[in-house]
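Remarks on the overall topology
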Amino acid sequence: MDPIEFKQLKAFARQEGTYVGLIWIVSFACFIGEFSSPILGLTAMILAVISPFFLAIRLKRFRDQARDGAISFRRALAFCILAFFYASLLFAVAQYVYFRYIDNGFLVSQYTTMFSTPEAKNMMNAFAAGNQIKDGINLLGSLRPIEIVFEFLSMNISIGIIISVPIAAIMKSTTAINKSINKQE
């Protein structure tokens, strides 16, 4: 891949990563809103699940329009990894703004309230997870916003790299290359 092709790949990945990041931000907003409206929790989950499929569709668009229908596995993998990287950065900025300026302990208090109900206590006792959940909530409450964001950032980048492999494997195509070879013969 020459420098111009790499620059083109990065530009498209940055654009598509922005779209995926916006999907994640809306998903996160719905996740926070689920405490007041349960349907938002389902919406958050659906948005999170569709984001890799959305990226696959956008990779297909890049392959067909900018690459004349042909893209190697390596190039498709680079595109996906970069797109997830850019999405993760955008999402991290939004999360930092939320945890630093908006949350003010809301998430921790909601989890504390949720796990204080008799039903939740019975469930935690049945699975012997009561102390672990309390420790997790206390840990979340003790972290600074930047620490929370770095945890999510590293997790999102790692998951993005893993998800990129099957997306690139499925979306790679050498069809256009084979057509041009056949025309030359």
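In this report, we go over the structure that sits alongside the text. Here the structure is a predicted model, which means the values were calculated and not measured. (Residues numbered from 1 in each chain as written. Predicted model: local features only at pLDDT ≥ 70, side-chain atom pairs only at ≥ 80, totals over all residues. Heavy atoms only, no water.)

1. Thoughts on the overall build of the chain
The secondary structure content of the chain amounts to 8 helices and 0 strands. In the chain, the succession of α and β elements from N to C terminus is α-α-α-α-α-α-α-α. Judged by the C-alpha coordinates and their principal axes, the chain covers about 75 × 35 × 25 Å. Burial statistics for the chain: of 185 residues in total, 34% are counted as buried. (Helix = DSSP H or I, 4+ residues; strand = E, 2+ residues; numbered from the N terminus. Buried < 20%, exposed > 50% of the residue type's maximum accessible area, 1.4 Å probe, protein only.)

2. Some points on unusual backbone geometry
What is expected of a backbone is that most residues other than glycine have negative phi and most peptide bonds are trans. Even without glycine at this site, Asp68 takes up a positive phi of about 55°. Here Asn104, not a glycine, exhibits a phi torsion of approximately 50°, which is positive. By the element assignment, Asn104 lies in the loop between helix H3 (73-102) and helix H4 (106-114).

3. Some remarks on a nonpolar patch on the surface
A surface patch of nonpolar side chains, about 690 Å² in accessible area, is lined by Ile39, Leu42, Met45, Ile46, Val49, Ile50 and Phe53. Summarising the element assignment, Met45 is placed in helix H2 (residues 38-65). (Patch = residues over 30% accessible without salt bridge, like charges linked within 9 Å, V, L, I, M, F, W, Y side chains within 5 Å. Areas by Shrake-Rupley, 256 points an atom, 1.4 Å probe, with all protein chains shown as cover. Salt bridge = Lys/Arg side-chain N within 4 Å of Asp/Glu carboxyl O.)

4. Re the packing of aromatic side chains
The full count for this structure, using the stated rule, is 15 aromatic pairs. Seen from their ring centres, Phe28 and Tyr98 are 5.5 Å apart, and the 85° between their planes marks the pair as edge-to-face. Remark: Tyr98 occurs in helix H3 and Phe28 occurs in helix H1 (residues 3-33); sequence separation between them is 70 residues. Each member of the pair Phe28 and Tyr98 is classed as buried. Ring geometry for Phe62 and Phe79: centres 5.0 Å apart, planes at 10°, overall stacked. Of this pair, Phe62 sits in helix H2 while Phe79 sits in helix H3, placing them 17 residues apart in sequence. Given a relative accessible area of 0%, Phe79 falls into the buried group. Over the ring of Tyr86 we find Arg14; its NZ or CZ atom is 5.7 Å from the centre of that ring. (Phe/Tyr/Trp six-rings, centres within 6.5 Å; stacked < 30°, edge-to-face > 60°. Lys NZ or Arg CZ within 6 Å of the ring centre and 35° of its normal.)

It is worth stressing that arrangement in space is one thing and function is another; only the former is reported here.
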